[in-house]
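Below are the chains, spelled out letter by letter.
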Amino acid sequence: SSSGADGVLAIGGGSPLDAAKLAVVLSENGGKCRDYKAPVLTDTPPTLPMVAVPTTAGTGAEVTRYAVVTDSESGEKMLCAGAAFVPAACIVDGALADGSPKALTADVGVDALCHAMEAFVSKKSSPLADGFALDALQGIGRHLRSAVDDEAEGRDGVARAAFL
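Keep in mind that this is a model prediction, so the values were computed, not measured.

The next point concerns the nonpolar core. Grouped together as the largest cluster of nonpolar side chains are ten residues: Ala57, Ala112, Ile140, Leu144, Ala147, Val148, Val158, Ala159, Ala161 and Ala162. Setting aside residues up to four positions removed in sequence, Ala57 forms contacts with Val108, Gly109, Ala112, Val158, Ala159 and Ala162. Membership of the second largest hydrophobic core comes to nine residues, among which are Leu22, Met78, Cys80 and Phe85.

Dropping the structure here:
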């Protein structure tokens, strides 16, 4: 990268993490966001490592090979995909969401729940994926109410379950 950076530390919800993923890809490969939108697959892993630190539990952006961004010129919401969008590492800590608004916590918790249900009912599911999905469903079911109430055990439980 021309910045001289050794890496990127991305902290935030799904949108900031996705923006950082795209920033890494753009810094190494150039071009514009729209050059990387699906069906283009950008599978060359970046040399600039990114560590993702989610402050909400729901989008999965800290571990997925996707980034969703909005083209500022056209207003189009674009999906970018490939190995280049996978962070090198992530740090998941439910305490980073302490004090978040109840509605946000509930919304992202339901997002995580939907991701887990989708994984479980997918025609491309496998026994391993089913195990992770069931563990996530149980964890979210067990902890979401207390996470919304801003209890540490609930936030940690939902963060762990959403990571699965």
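Once you've had a look at it, read on.
Applying the stated criterion to the full structure yields ten salt bridges. A salt bridge links Arg34 to Glu73; the shortest N-O distance between them is 2.9 Å. Pair noted here: Arg34 is in the loop between helix H1 (14-29) and strand S2 (50-54) and Glu73 is in the loop between strand S3 (66-70) and strand S4 (77-81), with a separation of 39 residues, a long-range link. Its relative accessible area of 32% is what places Arg34 among the partly exposed residues. A relative accessible area of 61% places Glu73 in the exposed class.

So, on to the state of the cysteines. In total, this model carries zero disulfides according to the counting rule given. Here Cys80 stays unpaired: no disulfide links it, and the sulfur of Cys33, its closest cysteine neighbor, is 6.6 Å away.

Within the secondary structure layout, Gly31 lies in the loop between H1 and S2. The spatial distance from the C-alpha of Gly31 to the C-alpha of Gly139 is 41 Å, given a sequence separation of 108 residues.

A separate point is the sheet that holds S2. In space, the three strands of this open sheet follow the order S1-S2-S5, with parallel pairing throughout. Among the strands making up the open sheet, the edge pair consists of strand S1 (8-12) and strand S5 (89-90). As defined by bridge partners, S2 adjoins S5 across two bridges and the pair is classed as parallel. Residue pairing in the sheet places Val51 in a bridge with Ala89 of S5. Strands in contact with H1 are S1 and S2; relative to S1, the strand with the most contacts, it is inclined by about 160 degrees.

By the criterion of burial, S2 is predominantly enclosed, with four of the five residues buried. Where S1 meets S2, five bridges bridge the pair, whose relative direction is parallel. Note that in S2 the partner of Ala10 across the bridge is Ala52. Crossover S1 to S2 through H1 is right-handed.

Further remarks concern the packing of helix H3 (residues 127-148) against helix H4 (residues 152-163). Angle between the axes and distance between the axes: these two values describe a pair of packed helices. Where H3 contacts H4, the two axes come as close as 7 Å, and the packing angle between them is 150 degrees. Put simply, H3 runs roughly antiparallel to H4. Crossing of H3 over H4 shows left-handed handedness. Contacts between H3 and H4 involve Asp135, Ala136, Gly139, Ile140, His143, Leu144, Ser146 and Ala147 on the former and, on the latter, Glu153, Gly154, Arg155, Gly157, Val158, Arg160 and Ala161. Of the residues belonging to the contact of H3 with H4, the class tally is six nonpolar, five polar and four charged.

Rules and cut-offs
Residues numbered from 1 in each chain as written. Predicted model: local features only at pLDDT ≥ 70, side-chain atom pairs only at ≥ 80, totals over all residues. Heavy atoms only, no water. Core = buried A, V, L, I, M, F, W, Y, C linked by side-chain atoms within 4.5 Å. Buried < 20%, exposed > 50% of the residue type's maximum accessible area, 1.4 Å probe, protein only. Contact = heavy atoms within 4.5 Å. Salt bridge = Lys/Arg side-chain N within 4 Å of Asp/Glu carboxyl O. Helix = DSSP H or I, 4+ residues; strand = E, 2+ residues; numbered from the N terminus. Disulfide = S-S within 2.5 Å. Pairing = 2+ DSSP bridges. Axes fitted to C-alpha atoms, helices over the stretch in contact; angles between N-to-C directions. Right-handed = clockwise from strand over helix to strand, strands pointing away. Parallel < 35°, antiparallel > 145°, perpendicular 65-115°, else oblique. Left-handed = near helix turned anticlockwise from the far one by under 90°. Nonpolar A, V, L, I, M, F, W, Y, C, P; charged D, E, K, R; others polar.

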